[in-house]
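Below, each chain spelled out in residue letters.
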Amino acid sequence: MRSQSAVLLYPGCVFFEIALAVELLAESHDVRYFTPHGERHVASNGAFLVPHGSYGSLAAAAVVCVLVPGGNPDAIITGGLANECLVAAREHGAIMAGICAGNLVLASAGLLRGKRATHNYTVEYAPAEIVAVTAPLWEGMAFERADVVVDDGVITAQPWAYVEFAAAVAKKLGILSAAKVDRYIAYHRRTNESA
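Residues numbered from 1 in each chain as written. Predicted model: local features only at pLDDT ≥ 70, side-chain atom pairs only at ≥ 80, totals over all residues. Heavy atoms only, no water.

### Looking at the pairing of strand E2 (residues 29-35)
(1) Moving on: For E2, the tally of buried residues reaches 5 of 7 residues, placing the bulk of the element in the interior.
(2) Moving on: As paired elements, strand E1 (residues 3-8) and E2 share 6 bridges and run parallel to each other. Across the sheet, residue Ala-6 finds its bridge partner in E2, namely Arg-32.
(3) Moving on: The parallel pair E1 and E2 is bridged by helix H1 (residues 16-26), and the resulting crossover is right-handed.
(4) Moving on: Bridge analysis of E2 against strand E5 (residues 53-54) gives 2 bridges, and the strand direction is parallel. Across the sheet, Thr-35 pairs through a bridge with Ser-54, a residue of E5. (Buried < 20%, exposed > 50% of the residue type's maximum accessible area, 1.4 Å probe, protein only. Helix = DSSP H or I, 4+ residues; strand = E, 2+ residues; numbered from the N terminus. Pairing = 2+ DSSP bridges. Right-handed = clockwise from strand over helix to strand, strands pointing away.)

### Quick look at the nonpolar core
(1) Moving on: Counting 66 residues, the largest nonpolar core has Leu-8, Val-66, Leu-67, Leu-86 and Phe-165 as the members making the most contacts within it.
(2) Moving on: In this structure Leu-86 touches Leu-8, Val-66, Val-68, Met-96, Val-105, Leu-106, Ala-109 and Leu-111, once residues within four positions along its chain are discounted. (Core = buried A, V, L, I, M, F, W, Y, C linked by side-chain atoms within 4.5 Å. Contact = heavy atoms within 4.5 Å.)

### Points about unusual backbone geometry
(1) Moving on: The phi torsion at Cys-100 lies on the positive side, around 55°, for a residue other than glycine.
(2) Moving on: On the secondary structure map, Cys-100 appears in the loop between strand E7 (95-99) and helix H5 (102-108).

### Remarks on the side chain of Gln-158
(1) Moving on: Counting through the fold element by element, Gln-158 comes out in the loop between strand E11 (154-157) and helix H7 (162-172).
(2) Moving on: Residue Gln-158 is classed as buried on the basis of its relative accessible area, which comes to 4%.
(3) Moving on: In this structure the side chain of Gln-158 is engaged in a polar contact, spanning 2.9 Å, whose partner is the backbone oxygen of His-119.
(4) Moving on: A polar side-chain atom of Gln-158 sits 3.5 Å from the main-chain amide nitrogen of Asn-120.
(5) Moving on: Those residues in contact with Gln-158 that lie beyond four places of it in its chain are Ile-99, Cys-100, Thr-118, His-119, Asn-120, Ala-146 and Asp-147. (Polar contact = N/O pair within 3.5 Å; in protein donor to acceptor, adjacent residues only side chain to side chain.)

### What about the sheet that holds E7?
(1) Moving on: Strand order in the open sheet made by the 7 strands is E5-E2-E1-E6-E7-E11-E10, with mixed pairing throughout. Both outer strands of the open sheet, E5 and strand E10 (148-151), are each paired with one neighbouring strand and no more.
(2) Moving on: The sheet strands contacting H7 are strand E6 (65-68), E7, E10 and E11, and the helix crosses E7 at an angle near 175°. (Axes fitted to C-alpha atoms, helices over the stretch in contact; angles between N-to-C directions.)

As structure tokens, this is what we get:
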């Protein structure tokens, strides 16, 4: 039986940031999509995605990994809309993998407390008012200035590190061996540079 992995979709998320990770996971996992209320999702590329359920059904699902894309997560951070399903998935042992603003979603659920992690809500990459507003969400997290940080069952990545993010998720799930990770990253970097 194939393992199940989940993608947490929300209005304003950027599907591109997790697309490569989804492709890797789909080789050996059933990838399921979840939206706040189980509604159809219009992806950032205009594609329509039919979800497998709502955040409530994600809370009850047996998934081994949850991918959280970046974008503008205000719609779900306000009121903690995704918190319960993310905490439930983590309590059941799921790997939590956020990229860009997906890290903010994980932080707002309290899943980065006591973890080493990265994010781009720093003065180099975000306006001062955004840095100030989001600062309380990072409390209890050990910030690392890195493209990707893996700490136990939590993976965080900068938005430009989508290849490394995909490789880190695949390595953590045993889809790619450590030896293949470097080749995978090098291949995708060469492909992007020649485009």
